[in-house]
Amino acid sequence: ASAAELSAADSEADGRVDTWLAAARRGDLAAFASLVRLHQSRVFSVALRLCRQREDAQEVAQDAFVQLHGALAGIESPAHLKHWLLCTVTHRAIDRLRQMARRPRLAALDGSPEVAAPEEEASDPLARRRLRTAIAMLAPDARAVIVLRFQEDLDPLEIARLLSMPHNTVKSHLRRALEQLRAADWSDA
């Protein structure tokens, strides 16, 4: 498909989302459900990458959509909706991680935490599992920056706006997190 065809398809999709958004603001639950269906996989994916526990990610995603329902009047466009959802799910996940740090979970019987494994798309599942484990060891803010940078492909300025952080703080989190990941034990032990 050409760039013009892709742009036309994006415009058509945005028009559909604009229609759903306007209807949802008027109280149309079917339109709101369409907005949820459109964004649920992305919202859940970000929540899962941050929380690592399927149940926590489901709760965080659900909370984000419940908050969205109450905030519909302030959502101005499809782009604003995407930004708002990404911002909300990220902040909710960070809050959840901070709560979990204060309230330790019971360990699984085999001594390792139960981790929801996202789809395995790489040729080396062991390396992917180790990377997910290393990312999980990062502080909540640093983990959010890494996920937003490398999963959502946002630049540091976008991440700064999304997380309401100074740009230099985002760059510092990114630099330190990458240093931690490089220094992680990647041996087979």
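No experiment lies behind these values; they were computed from the predicted model shown.

For the protein, the helix and strand inventory stands at eight helices and zero strands. Starting at the N terminus and ending at the C terminus, the protein contains elements arranged as α-α-α-α-α-α-α-α. The buried share of the protein, reckoned over its 189 residues, is 36%. In the protein, of all internal contacts separated by at least 6 residues, the share reaching a separation of at least 24 is 65%. Here the protein has roughly 11,200 Å² of accessible surface; of this, 53% comes from carbon and sulfur atoms.

This part is about unusual backbone geometry. At R52, a residue that is not glycine, the phi angle is positive and equals roughly 70 degrees. Locating R52 in the fold gives a position in the loop between α2 (29–51) and α3 (54–71). At D153, a residue that is not glycine, the phi angle is positive and equals roughly 60 degrees. In this structure, D153 sits in the loop between α6 (140–150) and α7 (156–163).

With that settled, consider the packing of α2 against α6. For the pair α2 and α6, interaxial distance at closest approach is 9 Å and the crossing angle is 140 degrees. For the element pair α2 / α6, the angle class is oblique. Here α2 and α6 pass one another in a crossing that is right-handed. Between α2 and α6, the contacting residues are R49, L50 and C51 on the first element and R143, A144 and V147 on the second. Split by residue class, the contact of α2 with α6 holds four nonpolar, no polar and two charged.

Our next topic: the pattern of salt bridges. Within this structure, the stated rule accounts for seven salt bridges. The salt bridge partner of R42 is E152, with a shortest N-O separation of 2.6 Å. Of this pair, R42 sits in helix α2 while E152 is found in the loop between α6 and α7, placing the two residues 110 residues apart along the sequence. As a salt-bridge pair, D141 and R98 come within 2.9 Å of each other at their nearest N and O atoms. Separated by 43 residues along the polypeptide, D141 in helix α6 and R98 in helix α4 (residues 78–102) bring together distant segments of the chain. Linked through salt bridges whose partners overlap, the residues forming this network are D56, E59 and R96.

What counts and what doesn't
- Residues numbered from 1 in each chain as written.
- Predicted model: local features only at pLDDT ≥ 70, side-chain atom pairs only at ≥ 80, totals over all residues.
- Heavy atoms only, no water.
- Helix = DSSP H or I, 4+ residues; strand = E, 2+ residues; numbered from the N terminus.
- Buried < 20%, exposed > 50% of the residue type's maximum accessible area, 1.4 Å probe, protein only.
- Contact = heavy atoms within 4.5 Å.
- Areas by Shrake-Rupley, 256 points an atom, 1.4 Å probe, with all protein chains shown as cover.
- Axes fitted to C-alpha atoms, helices over the stretch in contact; angles between N-to-C directions.
- Parallel < 35°, antiparallel > 145°, perpendicular 65-115°, else oblique.
- Left-handed = near helix turned anticlockwise from the far one by under 90°.
- Nonpolar A, V, L, I, M, F, W, Y, C, P; charged D, E, K, R; others polar.
- Salt bridge = Lys/Arg side-chain N within 4 Å of Asp/Glu carboxyl O.

Everything listed is a geometric property; what it means functionally is a separate question.
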